[in-house]
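# Coordinate analysis (summary)
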2 protein chains.
Amino acid sequence: MLTHSPYEPLQARTLADRLGGLPEMTGRIGPAAQWRVREVGDGNLNLVFIVEGAAGSIIVKQALPYARVVGESWPMSLDRAFFEHEALLRLGSRDPGRLPELYYFDRHQAIQIMEHLQPHIILRKGLMAGERYPLLAGQIGRYLARTLFRGSDWAMETARRKADLALFAGNVELCGITEDLFFTDPFHDCARNSHGPALDRAVAAIRADRDLKLAALELKARFCCSAQTLLHGDLHTGSIMACADDTRVIDAEFATYGPIGFDIGSLLANLWMAAFALPGLQPDREERRAYRDWILDTAEAVWSVFVEEFTRLWRCERAGILGGRELFEEQADPIGSELALNTMIAEIWRDAVGFAGIEIHRRILGLAHIPEFETIANEAVRACCEHRALMAGRVLAVERGRFAAIGQVRTLMTMLEGRTL
Amino acid sequence: MLTHSPYEPLQARTLADRLGGLPEMTGRIGPAAQWRVREVGDGNLNLVFIVEGAAGSIIVKQALPYARVVGESWPMSLDRAFFEHEALLRLGSRDPGRLPELYYFDRHQAIQIMEHLQPHIILRKGLMAGERYPLLAGQIGRYLARTLFRGSDWAMETARRKADLALFAGNVELCGITEDLFFTDPFHDCARNSHGPALDRAVAAIRADRDLKLAALELKARFCCSAQTLLHGDLHTGSIMACADDTRVIDAEFATYGPIGFDIGSLLANLWMAAFALPGLQPDREERRAYRDWILDTAEAVWSVFVEEFTRLWRCERAGILGGRELFEEQADPIGSELALNTMIAEIWRDAVGFAGIEIHRRILGLAHIPEFETIANEAVRACCEHRALMAGRVLAVERGRFAAIGQVRTLMTMLEGRTL
């Protein structure tokens, strides 16, 4: 029996033997004798296999007992597969169709078997290839509004919300990664960090920048203590799969209760970094400018769709203990609840801007870098792109209260585009 | 066996039969044959017995399966005794000697047996009798700093903090009472509310006061989502027992993770209300003025001692993930961490001011009134005292960001003292 054998990592050559008896597999892709298995995991933590059979294909994802990005020297609990599974169930029910369908979960072996998304590719790769995704902003803006609103005390029955808070408080190890790798490591000389040598001077300035470090610590406190909703917890462009007519969110193992702005800021930062990397990726000046505009338009549309959908849900699904209908609608003062909404959106936005600033720093100075910058062969060009992104990130984190509208971020980026290192 | 019988409320006449076999009782107060038992519970929720024996006396506290203040029509889980016990263990270890000593806990019967504090009386009664407690501010200011700092992510190991967060997330029912009775009920026409008829007009104005209701809802969100530390959760002057040379904190069944400012604001509000009630309680003008000054001095000293002790702990016990030593002290920038402390204290203060404003409203308009006002026989005088307190509470809640120092609250109170209804 699979569930009673000791935990063992799957291999492409053992997978059919080990999983071939599962009706969840054979019922969907046909008998194991015809399976072709490829390991395709390029993330930082897990094994991911595509299994192709006579009748179709399927994804098998297994957690490793260590962080793949570092190796066996960084042990990591298999429980993260459990938390990912619990998060997928909740996020999937809050925005049906936006996550891959789950077929099977084995907690002991830390294996999830799920829908093979086709012809989707990782959004980050699509952006690096200059692809355009017309449905991306709408689908992800609504995903953000629905999952973040519906997991909160504004929407949920309080006992269920508190039970979920308690459950995901157990995801200590992956939360700890976020807490340290986002908010602390990039801002001091930590052994896990790395950066290109051309950035040495900029990095020294960052690590002496008291205002930036104070902002990082304040945002860390907000991440740790502001349990507003169930977050995806790692919503960058590598956690989204996209094709022309569909967008999906994957890899929710970092799920935790935290501030609504966190997922939004993570995603916006990764879109903005995709734009900052363009001088190193797209040689054609006109195409570069047009694609940069498309990325910035998309980021702005993600936010405006988020606001629109969040507003709709606020008006029609505000059933939780923070709803406040007794105070406003039920006293014939719907304006009161609209003002509460305005305050809330302003707070979410300020948080998102700050978290975006932190995400930019950790992706250039910390442990987990991104290929947009890493694949720029010309070191001087790469350093210049990274430095502009860092300058933007610093302003976003420190001056997060001074961006009243997302268009002001575009202005900031435009001003930085002329700057050289 | 006690633990295997079905739950049954104790009675003064059955207590010796039921608990007489416990060495935790007989070892401290002598054989059950000589016990004298009195029920003295005057709180809203529980049975409390003083048991006197040949060798001493002891307190037996038992949760009832309903809210005593309302009656059996409001059922309430016995689990609250479990959460109170867990909270007492933690708060007691964070500020040793400030809580009663616990001798015995029976979860199934929801019974706690603890130290009988003598000659302590409930602080609220002492304040109504015009007593002065020279050690109160120091002991409670330090209690607040120690318990609130040491239960937070600034001090605790993160896995233990998250485990505690998860544990106390189970205290849903009592949290729900706070959430609704503090932040919502007083601001709309809720059946649980009551107030004197002379306040009708003022109450109508409050329930039409959009800014106040927005403030209440924002502070409710802060209470629900800002899981900074383990709170006592109900730290008013009825949860403190005092005598000339000692101060103790009791009744922690409302314990939950929440914002640091909550316990502070609850306590300050109750001190301030004790001052607002003086015109109805103390006929002598000179004595009234002197005692009012002593109360306000005490409130100010509670806050200044809190700041002093919190600062000391910040400097020497900041070992948690929010400590930020890597960013400041370890980079030879101790000024950075002092600035982070300043920001933190300003945030705690703003929260405390806001929560104090809410506490004042719920104690005059909500379910659980306080005897300072209730015992004022002259209805017009009572209404005048209550109305002044409500005017102060409104300013504190709505304008919580405009009080830079606690002395400014004294100024506000002085300005309101001349006002009549």
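Bear in mind that the values here come from a model prediction, so they are computed numbers and not experimental data. (Residues numbered from 1 in each chain as written. Chains lettered and ligands numbered in written order. Predicted model: local features only at pLDDT ≥ 70, side-chain atom pairs only at ≥ 80, totals over all residues. Heavy atoms only, no water.)

When its secondary structure is counted, chain A shows 16 helices and 12 strands. Taken over the C-alpha trace, chain A has a radius of gyration of 22 Å; the compact-globule value for 421 residues is 22 Å, and the two agree within 12%. Dimensions along the principal axes, computed over C-alpha positions, put chain A at roughly 65 × 60 × 40 Å. In chain A, which comprises 421 residues, the proportion classed as buried is 62%. Within chain A, contacts between residues separated by at least 24 positions form 74% of all contacts whose residues are at least 6 apart in sequence. Taken as a whole, chain A presents about 15500 Å² of accessible surface, with 52% of it coming from carbon and sulfur. Each charge class in chain A was averaged separately, 47 positive and 56 negative side chains, and the resulting centres sit 3 Å apart. (Helix = DSSP H or I, 4+ residues; strand = E, 2+ residues; numbered from the N terminus. Rg over C-alpha atoms; globule rule 2.2 N^0.38 Å. Buried < 20%, exposed > 50% of the residue type's maximum accessible area, 1.4 Å probe, protein only. Contact = heavy atoms within 4.5 Å. Areas by Shrake-Rupley, 256 points an atom, 1.4 Å probe, with all protein chains shown as cover. Lys, Arg positive; Asp, Glu negative; His and termini not counted. Charge placed at Lys NZ, Arg CZ, Asp CG, Glu CD.)

Here chain A averages 95 in pLDDT, while 99% of its residues score no lower than 70. Both confidence scores are given for the complex: pTM 0.96, ipTM 0.94. (pLDDT = per-residue confidence, 0-100.)

Turning to the packing of helix H7 (residues 172-183) of chain B against helix H13 (residues 334-365) of chain B, a few remarks are in order. All names here are of chain B. Packing of H7 against H13 brings their axes to within 8 Å, and their N-to-C directions diverge by 80 degrees. Relative to H13, the element H7 is oriented roughly perpendicular. Within the contact between the two elements, H7 uses Leu181, Phe182 and Phe183 and H13 uses Phe355, Ile358, Glu359 and Arg362. Considered class by class, the residues forming the contact of H7 with H13 number 5 nonpolar, no polar and 2 charged. (Axes fitted to C-alpha atoms, helices over the stretch in contact; angles between N-to-C directions. Parallel < 35°, antiparallel > 145°, perpendicular 65-115°, else oblique. Nonpolar A, V, L, I, M, F, W, Y, C, P; charged D, E, K, R; others polar.)

The next thing to look at is the packing of helix H7 (residues 172-183) of chain A against helix H6 (residues 158-169) of chain B. For the pair H7 of chain A and H6 of chain B, the least separation of the axes is 10 Å and the interaxial angle reads 120 degrees. Our classification of the angle between H7 of chain A and H6 of chain B gives oblique. Classified by chirality, the crossing of H6 of chain B by H7 of chain A is right-handed. Of H6 of chain B, the residues touching H7 of chain A (which contributes Val172, Cys175 and Glu179 of chain A) are Thr158, Ala159 and Lys162 of chain B. Of the residues in the contact of H7 of chain A with H6 of chain B, the class split is 3 nonpolar, 1 polar and 2 charged. (Left-handed = near helix turned anticlockwise from the far one by under 90°.)

Moving on, we get to the environment of Leu322 of chain B. With respect to the secondary-structure elements, Leu322 of chain B resides in the loop between helix H12 (285-316) and H13. On the basis of relative accessibility, which here comes to 1%, the residue Leu322 of chain B falls in the buried class. Here the alpha-carbon distance between Leu322 of chain B and Ala155 of chain B, two residues 167 residues apart in the chain, equals 7.8 Å. Contact partners of Leu322 of chain B, with chain neighbours within four places excluded, come to Leu217, Lys220, Ala221, Cys224 and Cys225 of chain A together with Asp153 and Trp154 of chain B.

With that settled, the discussion passes to the side chain of Arg124 of chain A. Residues and elements named next belong to chain A. For Arg124, the location among the structural elements is in helix H4 (residues 123-128). Under the relative-accessibility criterion, Arg124 is labelled buried at 6%. Side chain to side chain, Arg124 and His236 meet in a polar contact 3.1 Å long. (Polar contact = N/O pair within 3.5 Å; in protein donor to acceptor, adjacent residues only side chain to side chain.)

Each copy of the sequence occupies a distinct position, and chain A is placed on chain B by a rotation of 180 degrees and an axial shift of 0.0 Å, giving an RMSD of 0.0 Å. On the angle and the small slide along the axis, the relation comes out as a two-fold axis. Residue Ala166 of chain A of chain A places its C-alpha closer to the rotation axis than any other residue of that unit, at 1.9 Å. (Least-squares fit on C-alpha atoms with pLDDT ≥ 70 in both.)

Time to look at the sheet that holds strand E11 (residues 246-249) of chain B. Residue and element names in this part refer to chain B. Read from one edge to the other, the open sheet built from 3 strands follows the order E8-E10-E11, with strand pairing classed as antiparallel. Here the strands that pair on one side only, and so sit at the sheet edges, are strand E8 (121-122) and E11. Looking at chain direction, strand E10 (residues 240-243) and E11 are connected through 4 bridges and run antiparallel. When the sheet's bridge partners are listed, Ala242 is paired in E11 with Thr247. Running at roughly 35 degrees to E11, helix H5 (residues 136-150) makes contact with E10 and E11 of the sheet. (Pairing = 2+ DSSP bridges.)

Bringing the pattern of salt bridges into the picture now. Where charged atoms from two side chains of opposite charge come close, those side chains can pair. Under the criterion given, the structure shown has 83 salt bridges over all chains. Between Glu84 of chain A and Lys61 of chain A there is a salt bridge whose closest N-O contact spans 2.8 Å. Pair noted here: Glu84 of chain A is in helix H3 (residues 79-94) and Lys61 of chain A is in strand E3 (residues 56-63), with a separation of 23 residues, a long-range link. Each member of the pair, Glu84 of chain A together with Lys61 of chain A, is buried. For Arg410 of chain B, the salt bridge goes to Asp293 of chain B, with nearest N and O atoms at 4.0 Å. Of the two residues, Arg410 of chain B sits in helix H16 (residues 407-417) while Asp293 of chain B sits in helix H12, which places them 117 residues apart along the sequence. (Salt bridge = Lys/Arg side-chain N within 4 Å of Asp/Glu carboxyl O.)

Owing to its 3.6 residues per turn, the α-helix aligns residues three or four sequence positions apart on the same side. All names here are of chain A. For helix H5 (residues 136-150), built from 15 residues, the straight-helix expectation of 21 Å at 1.5 Å per residue is met to within 8% by its first-to-last C-alpha distance of 21 Å. Most of H5 is tucked away: 12 of the 15 residues are buried. Among the residues of H5, Leu136, Ala137, Gly138, Gln139, Ile140, Gly141, Tyr143, Leu144, Ala145, Thr147, Leu148 and Phe149 are the ones counted as buried. (Expected span 1.5 Å × (residues − 1).)

Another point: the interface of chain A and chain B. Contacts between the two partners involve 43 residues from chain A, matched on the other side by 43 residues from chain B. The junction of chain A with chain B conceals about 3700 Å² of combined surface from both sides, 68% of it contributed by carbon and sulfur atoms. Its largest share of buried area at the contact with chain B, chain A owes to Arg210, Cys225 and Leu327 of chain A, together 17% of the area lost on that side. There are 4 salt bridges connecting chain A and chain B. (Buried area = accessible area lost by both parts, 1.4 Å probe.)

In this section: the sheet that holds strand E6 (residues 102-106) of chain B. Across a sheet, paired strands are connected by hydrogen bonds in the backbone, their directions being either parallel or antiparallel. Residues and elements named next belong to chain B. A sheet is described by the order of its strands in space; here 5 strands give the open sequence E1-E2-E3-E7-E6, paired in antiparallel fashion. Every interior strand has two partners, whereas the edge strands, strand E1 (36-39) and E6, have only one. Across the sheet, the mean angle separating the axes of adjacent strands is 20 degrees when strand polarity is ignored. Across 4 bridges, the pairing between E1 and strand E2 (residues 46-53) is antiparallel. Following the sheet pairing, Val37 is matched in E2 by Val51. The sheet strands contacting helix H3 (residues 79-94) are E2, strand E3 (56-63), E6 and strand E7 (111-115), and the helix crosses E6 at an angle near 150 degrees.

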